[in-house]
Amino acid sequence: MEAIPEEHCRFNVAKLKKILVHYKTLLKTLDTVMSTLHIIVPTLDDCEHLKKSIILLEKLWDHEDPDLGIKRLSKTVKAHLIFGHAYELFVKLKGFGDKNEEHIEKRHQIGKNLMDRVKRMRGGFAAQQKQGLKYRAIISDDKVKQCVDKVKKWASTKAKKKTIVTELEMKRERIEKRKCYVQRETNKRARLI
Ligand SMILES: [Zn+2]
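Residues numbered from 1 in each chain as written. Predicted model: local features only at pLDDT ≥ 70, side-chain atom pairs only at ≥ 80, totals over all residues.

A. Representation of helix 2 (residues 44-62) within the structure. With 19 residues, helix 2 should reach 27 Å at 1.5 Å per residue; the first-to-last C-alpha distance of 27 Å fits that figure. Within the sequence span of helix 2, burial applies to His49, Leu50, Lys52, Ser53, Ile54, Leu56, Leu57 and Leu60. (Helix = DSSP H or I, 4+ residues; strand = E, 2+ residues; numbered from the N terminus. Expected span 1.5 Å × (residues − 1). Buried ≥ 20, exposed ≤ 12 C-beta atoms within 10 Å, placed from the backbone.)

Right, dumping it as structure tokens:
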């Protein structure tokens, strides 16, 4: 096989890097917009952050660079809703976070967990059913359930409280990080113009 001249290689790597950076920024900004839209009870600062993120996203969305082969992305219905209406509705409805389907998804996951418990059990269908009945007995027999609940509650209240707090804290931290990212990218673009 014929070797490719080195300058040619380097040129292509540099080009490739530019293309990758463009799409990385685009996807990160898209991620920021979507996660901000999911914030429950947004603050004024969150709203401002959403506005900035959407402006940046639209710029990246429409960005064209024939030399790098980057074309503007098409405005799908979803894209139009984000660029044209999301911010206004977000402010008007005070966020969408409490109006999405996440809690339904969570229910599905609980159901799936119950299935997963017996899925890999040995002894075939009959044994799985037996185990399933045992679980159902625990949930449906009031006295058994009360005892199980009492023990579980005693054991997990402390741990649970801690988990919820850390989850919220981590979510906040992620949002703050994204805010910095959007600000940085916006500043970068402002300097270029
Ligand atoms: Zn419209």
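B. Expanded view of the nonpolar core. Counting residues in each nonpolar core, the largest one holds 12 residues, listed as Val33, Leu37, Leu50, Ile54, Leu56, Leu57, Leu60, Ile82, Ala86, Tyr87, Phe90 and Val182. Of all elements in the fold, only helix 1 (6-37), helix 2 and helix 3 (77-92) reach the threshold of two or more residues within this core. Counting residues per element, this core draws most heavily on helix 2, at 5 residues. Apart from the residues within four sequence positions on either side, Ile54 is in contact with Val33, Ile82, Phe83, Ala86 and Tyr87. (Core = buried A, V, L, I, M, F, W, Y, C linked by C-beta atoms within 7 Å. Contact = placed C-beta atoms within 7 Å.)

C. Inspection of unusual backbone geometry at higher detail. One non-glycine residue, Val41, adopts positive backbone phi at about 50 degrees. Locating Val41 in the fold gives a position in the loop between helix 1 and helix 2. Although it is not a glycine, Lys94 sits at a positive phi angle of roughly 55 degrees. Structurally, Lys94 is set in the loop between helix 3 and helix 4 (102-119).

That is the geometry; function is a separate question.
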